[in-house]
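Read off the chains here:
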Amino acid sequence: MRLFPSATAIAPVLAILAAGWAAPAAAQYAAPAAEEGQLGEIIVTAQRREENLQDVPISITAVSGDKLDAIGAGGQDVRSLSAKVPSLMVESSFGRTFPRFYIRGLGNTDFDFNASQPVSLVYDDVVLENPILKGFPVFDIERVEVLRGPQGTLFGRNTPAGIVKFDSVKPKDEFGGYGRISYGRFNAINAQGAVGGPLGDKVAIRVSGLYQRQDDYVDNVVPSGTTKDAFEGFDELALRFQGLVKPTDNLEILLTGQLRRLNGTARLFRANVFTRGETGLNDNFDRYRVSTDGKNEQRVRTGNASARVNWDLGPVSLISVTSLWKGHATSVGDVDGGFGANFLPPNLYGPGDIPFTAETRDSVPKLRQFTQEVRLESNGNGPLSYQAGFFYFDEDLDILSENYSTLGDPNNAVGGVNIVVAQEQHSKAYGVFGSLTYHLTDQLSVTGGVRYNDDKRRYTVVRSKDTQFPNFLQNPLGTVNRRVSDNNVTWDANIAYAATDDINLYARVARGYRAPSIQGRILFPPATATPLESGVTIGDSETITSYEAGVKSTVLGGRGRINLSGFLYNLNDAQLTAVGGGVNANRLINADNVRGYGFELDVELMPVDRLLLTAGLSYNHTEIRDPNLTTAACGATRVDLLPGDPSLCTVLDPIVVPAAPFAAAIVNIDGNSLPQSPRWIANWTAKYGVPVGDGEVYVYTDWSYRSKINFFLYESVEFQDKRLLEGGVRVGYKTDHYDFAAFVRNVTNDTSAVGGIDFNNLTGFVNEPRIWGVEAAFKF
C-alpha cells in the first residue's frame, strides 16, 4: 500500500512551509488573554466541550507553550512526554514506532503489534488504537491534555488508566502561520511549520508539516572490521491538511488528511550490559559502540482521512466524527544484542556470552482502522448540560513475525533458518453513551454518565515455514483460531463545589473497562505444544473502580495555580502481559486484583513579573494481589553460568519451580508492583526574561525525574533501574514575531536503562543521549 507521494510531489508543500520558521505553541494556544501580572486561563476539552481547566472535576494536566516547544527541541518523538507531567510514563522497545503509555502505573509492556493498552491516545477526537498509529508525530499542536483515571463514559473502551489527548491547531479566518527549524548534534534537523487562512467567505485551510532527521552515531565493532556510525539514525516526514467549510452560519465541516513516513534504525539492543547480581549498567556498556551481527532497520507508513461535522440546531448541536486510518510497518532488530553465539571470546568484541543468536522482524503488512462517532451536545448556559452519542470501531490487522539468524548460527534453536508466524485479527466494537451535568446552585454541580460497550474479536495465527528456506519443516501446530467477545457498562459520577471564586473542590468515582485480548506471537511455543496449548493466550476483560478527590485553586491574586488530587483504585481481573522469559514470548494472564493509590500535584507560579515557575509531583503505589499468580522469570541457559543455577538473573520473588537448563524458573508475583511503574515522578520548569529592545532575552529550563522501575512482572536484581533525571536548558531572544535560541537536552548526560530483554542474556536498552543545537523561529 502506497500512502505517500513522491519527494517531487511533496517539495511544493515543503516550500510553502519554509516560508516561515517557527511560531511558539503559546501563540497558537487560544486561551483568553491574561491580565498583566497574572496567569491566563488554560482551556481544555477533557469533557468534550471547552472549559477552564480549573473548573473540570478531573485530574488533568495540559502541556503547551514553552514546555511543549522545549521538550520537542532536537527532534524528540512522543516519548519525550514521559515524566513531564505527574503519573505519566512513556517507553518503547521499538524506538519511534511503538510508544507504550502508562498512567498511574497502569500500562502494558507487550511488544506485539496487536497489544491492547489501558491508556488510550486520542488525536483530534479520534482514538488511535494500534501501536503504530500512537507514534504519529507531535506538531502544530494547540495543546496536549493528560486525563488521569478511567474515562470510559465519554471516550469508551480501553481507557481504565486514562487518556492522552492531542488537539491540533485548526484553520482560522485570518491568514497566518509559523515555522521552526533547528540544527543540532548528530547533524539533526528538526523543521516544522504551518500556513493557512481563508479562501473566500466560507472556506479556510491549514497546511502543516514536520521533517526530522538524524545521522547514525553508534559504531558497530565486529571481527570483519568497524562500521562507523551504523545505528540510531532516522528520517521522518509528516504532513497534515485541513479544510474548514462553512456552508451556512450553523454548519461546519472540517476535512483532514494526514500522512507519515519514517525510515531509520530500530531500537538498539545491547547484550550483557547488566552483571548478574548487580543493579545498573556495567563496564560492558558503551553508548557509542556496540558489537552486533544482526539486521537493524525500521519503516513506517501511515495515512488518515477524516471528517468532523458540527451542525448547530439551536438547543443542541449534532457532531459527527468519521475517520479512516491505514498503515504498514516493519522493524527488525538483533534481539540477542550482540555478535556470535558461544564461539567468540567474551570480551574481544564486547558482547560477552550469547547462548544462541536471535533476530526478529515484526511487520504490519496491513492495518485498517475505521471509526465513527455521532453525538448530540446541548447548547446554552442553563443549569442543565448534556451529551449523548454512538461510537463504532472496526479494525483489520495483519502481523508477520520472523525469527532467523543472519549468520546461520548452528546453535540457533531452529538451525539458523526462519520461523514465520502470521497473525490476522479483526475487531469490532460499539458503544452508546450519555452524560449530564446539573448545577444545583451557582456553587454546586453534579455530573453523571453511563456507557454500554460491546466488543468482538476474531483471531487466526499460523506458524509455518518460509518459502525462502525450503528445508524448514512445517510446524505441527498448524492454524490456531480464537474468538473473544464481551459487553460491559462503564459509568462515572462526580460532584464539584466552588468554595470561593478561587477554590474548587471535587470528588469523583468512575468505572472503566478494557476489552478482552488475544496474544499469539508463537515464534517459540513449548516443544510439546498442541493446538490447544500453543502459546496463544487470552486476556479476559478487566474492570476498574476508581475513587478520586481534589482541590483546584488560584492563588496570589491570579499569579498562581495549585491543583492537588488523591486517588484509590481497584483493578479487577487485571489484564497483565508476561514478557520474555525462556521463549521471549508475550503471554496474557489475569490477576485477581491490582490495587493502586497515590496523589498528583500541579503548581504554576508567577512570583514576580517575567518569572514563571511550574512543578509537578506524583506518588503511585501499585500492588498485584493474587496469591496464586505465577509467571516465568528470566531465561535459563547453561548451568556453567553459575554452578547449580542456570538462571540469567537473580530472582527476588518466591520460586515455585526451580530453573533448569533452558527452562526458566516459575515464580510467584503476588505483592509485586507493576512494571514501568515508578513510585515517584517529579518535574519542574523555570523561565525568566529580561526586556531588550522589542523583545526579551530569556532562559528556560525543564527537568523530570522518575524513581526506580522494574522492567518485568517478576522482580530481579538486574532488570531494574534505580532512577532517571533529565534536564534541558534553552537560552534565546524572542519578540512578537521571532525567536532565536540555543538548547541542550539531557544536559547532565544521564545514562539509564529503560528496558531489558531477559531470555537470552542480560540485554538492555537505554535513554537518549545529550543533544544540543540552535533554533530559529518566525510567526506571521
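Note that the structure is a prediction, hence the values are computed from the model and not measured.

Draft legend 1. Region of interest: the confidence of the model for the protein chain. This prediction gives the protein chain a mean pLDDT of 88; 87% of its residues lie at or above 70. Here residues 1-33 scores under 50 on pLDDT; set against residues more than four positions off or in separate chains, the count is 82 contacts.

Draft legend 2. Spotlight on the sheet that holds strand S34 (residues 666-668). With antiparallel pairing, the three strands of this open sheet are ordered in space as S32-S34-S33. A strand with exactly one partner marks an edge of an open sheet, and here the two such strands are strand S32 (630-632) and strand S33 (655-657). Shown here is a sheet whose adjacent strand axes are inclined to one another by a mean of 35°, direction ignored. Pairing geometry for S33 and S34, over two bridges, is antiparallel. Bridge assignment links Ile655 to a residue of S34, and that residue is Val667.

Draft legend 3. A look at the pairing of strand S42 (residues 763-766). Here S42 shows no split at all, with Thr763 and Phe765 on one side and Gly764 and Val766 on the other all buried. Across four bridges, the pairing between strand S41 (residues 753-757) and S42 is antiparallel. Looking at S42, one finds that Gly755 is bridged to Phe765. Remark: five residues form the turn of the hairpin made by S41 and S42, two consecutive strands paired antiparallel.

Draft legend 4. Structural view of the sheet that holds strand S8 (residues 141-148). Pairing within the open sheet is mixed, and its five strands lie in the order S3-S8-S9-S6-S7. Single-partner strands in this sheet number two, and they are strand S3 (60-63) and strand S7 (126-128). Between one strand axis and the next, the sheet turns by 20° as a mean value, whatever way the strands run. Where S8 lies against strand S9 (residues 162-168), seven bridges are found, and the strand directions are antiparallel. When the sheet's bridge partners are listed, Arg148 is paired in S9 with Gly162.

Draft legend 5. Examining the nonpolar core more closely. Core analysis: the largest hydrophobic core is formed by 81 residues, its most contacted members being Leu88, Val164, Phe166, Leu576, Ile624, Tyr714 and Phe719. A per-element tally of this core places strand S29 (residues 560-580) first, with seven residues. Sequence-distant contacts of Ile624, defined by excluding residues within four places in its chain, comprise Leu576, Ala591, Asn593, Val594, Leu629, Ile669, Asp670, Gly671, Asn672, Ser673, Leu674 and Leu713. Judged by nonpolar contacts, the second largest core, of 13 residues, contains Ala46, Val56, Leu154 and Ile163.

Draft legend 6. Just unusual backbone geometry, in detail. Despite not being glycine, Asp229 has its phi angle at roughly 50°, a positive value. Structurally, Asp229 is set in strand S14 (residues 225-231). Although it is not a glycine, Asn749 sits at a positive phi angle of roughly 55°. Using a relative accessible area of 27% as the deciding quantity, one classes Asn749 as partly exposed.

Draft legend 7. Quick look at a negative patch on the surface. Taken together, the side chains of Asp540, Asp573, Asp592 and Asp670 present a region of like negative charge at the surface. Relative to the helices and strands, Asp540 is located in the loop between strand S27 (537-539) and strand S28 (542-555).

Draft legend 8. Highlighting empty space enclosed by the protein. Applying the stated criterion across every chain yields a total of 14 cavities of 30 Å³ or more. Taken together, 44 residues form the lining of the largest cavity, with Gln76, Asp77, Arg79, Asn767 and Glu768 sitting closest to its centre. At the level of secondary structure, the elements contributing two or more residues to the lining of the largest cavity comprise strand S4 (88-91), strand S36 (695-706) and strand S39 (724-734). The leading source of residues in the lining of the largest cavity is S39, at four residues. Across the lining of the largest cavity, the residue classes tally to 15 nonpolar, 17 polar and 12 charged. Put simply, the second largest cavity is a space of about 390 Å³. Of all the secondary-structure elements, those providing two or more residues to the lining of the second largest cavity are strand S19 (316-334), strand S20 (359-378), S29 and S41. Here the lining of the second largest cavity takes four residues from S41, the largest share from any one element.

About the cut-offs
Residues numbered from 1 in each chain as written. Predicted model: local features only at pLDDT ≥ 70, side-chain atom pairs only at ≥ 80, totals over all residues. Heavy atoms only, no water. pLDDT = per-residue confidence, 0-100. Contact = heavy atoms within 4.5 Å. Pairing = 2+ DSSP bridges. Helix = DSSP H or I, 4+ residues; strand = E, 2+ residues; numbered from the N terminus. Axes fitted to C-alpha atoms, helices over the stretch in contact; angles between N-to-C directions. Buried < 20%, exposed > 50% of the residue type's maximum accessible area, 1.4 Å probe, protein only. Core = buried A, V, L, I, M, F, W, Y, C linked by side-chain atoms within 4.5 Å. Patch = residues over 30% accessible without salt bridge, like charges linked within 9 Å, V, L, I, M, F, W, Y side chains within 5 Å. Areas by Shrake-Rupley, 256 points an atom, 1.4 Å probe, with all protein chains shown as cover. Salt bridge = Lys/Arg side-chain N within 4 Å of Asp/Glu carboxyl O. Lys, Arg positive; Asp, Glu negative; His and termini not counted. Charge placed at Lys NZ, Arg CZ, Asp CG, Glu CD. 1 Å grid on protein atoms, 1.4 Å probe; cavity = no way out; pocket = protein on both sides within 12 Å on 5 of 7 lines; lining within 4 Å. Points joined across faces, edges and corners; volume = space filled by probe spheres on them. Nonpolar A, V, L, I, M, F, W, Y, C, P; charged D, E, K, R; others polar.

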